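# Notes for the structure review
Listed below, chain by chain, are the residues.
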Amino acid sequence: GGPLPAAQVGLMGLSLGAMTTLSAFGMEGEIPAAWADSAPFVAGTVFAHGARITMLDMGIPAALADRAIPQVWAGVEATALEQGVDLNQHTPANRLPLGPST
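Here's a quick rundown of the structure.

Cut-offs and rules
- Residues numbered from 1 in each chain as written.
- Predicted model: local features only at pLDDT ≥ 70, side-chain atom pairs only at ≥ 80, totals over all residues.
- Heavy atoms only, no water.
- Salt bridge = Lys/Arg side-chain N within 4 Å of Asp/Glu carboxyl O.
- Helix = DSSP H or I, 4+ residues; strand = E, 2+ residues; numbered from the N terminus.
- Buried < 20%, exposed > 50% of the residue type's maximum accessible area, 1.4 Å probe, protein only.
- Axes fitted to C-alpha atoms, helices over the stretch in contact; angles between N-to-C directions.
- Parallel < 35°, antiparallel > 145°, perpendicular 65-115°, else oblique.
- Left-handed = near helix turned anticlockwise from the far one by under 90°.
- Contact = heavy atoms within 4.5 Å.
- Nonpolar A, V, L, I, M, F, W, Y, C, P; charged D, E, K, R; others polar.

In this section: the pattern of salt bridges. If the charged atoms of two oppositely charged side chains come close together, the side chains can form a pair. One pass over the structure, following the stated rule, counts one salt bridge. We note a salt bridge from Arg52 to Asp66, for which the minimum N-O separation is 2.6 Å. Of this pair, Arg52 sits in helix H2 (residues 43-57) while Asp66 sits in helix H3 (residues 62-82), and the two are 14 residues apart along the sequence. Judged by relative accessible area, which is 38%, Asp66 ranks as partly exposed.

The following block contains the structure:
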């Protein structure tokens, strides 16, 4: 154990953890490498996937679920912003371009 130089530290994540890994990699310029497996690129993708599965499990027809999900996500985003939370602020989509060129 013990502290390591930043040049010897990397990040690894799977699925939603990979999304966090890529966001952190884009935000922390001293991390030399990141490995991500199956990362969603934006928060809305994660929501849409889970919402669709839930709606289909509830017996809601796929066509109706697919039409409803963008509207529901817009409501979630708006409610979060009213509470001072930007669900898209630290996604890989807008953080990776700011990261190191490794």
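To continue, consider the packing of H2 against H3. Contact geometry of H2 with H3 gives a least axis separation of 9 Å together with a crossing angle of 135°. Considered as vectors, H2 and H3 are oriented oblique to each other. Our pair here, H2 against H3, has a crossing hand that is right-handed. Side by side, H2 and H3 meet where Ala43, Gly44, Phe47, Ala48, Ala51, Arg52, Met55 and Leu56 of the first sit next to Ala62, Ala65, Asp66, Ala68, Ile69, Val72, Trp73 and Val76 of the second. Residues of the contact of H2 with H3, tallied by class, amount to 13 nonpolar, one polar and two charged.

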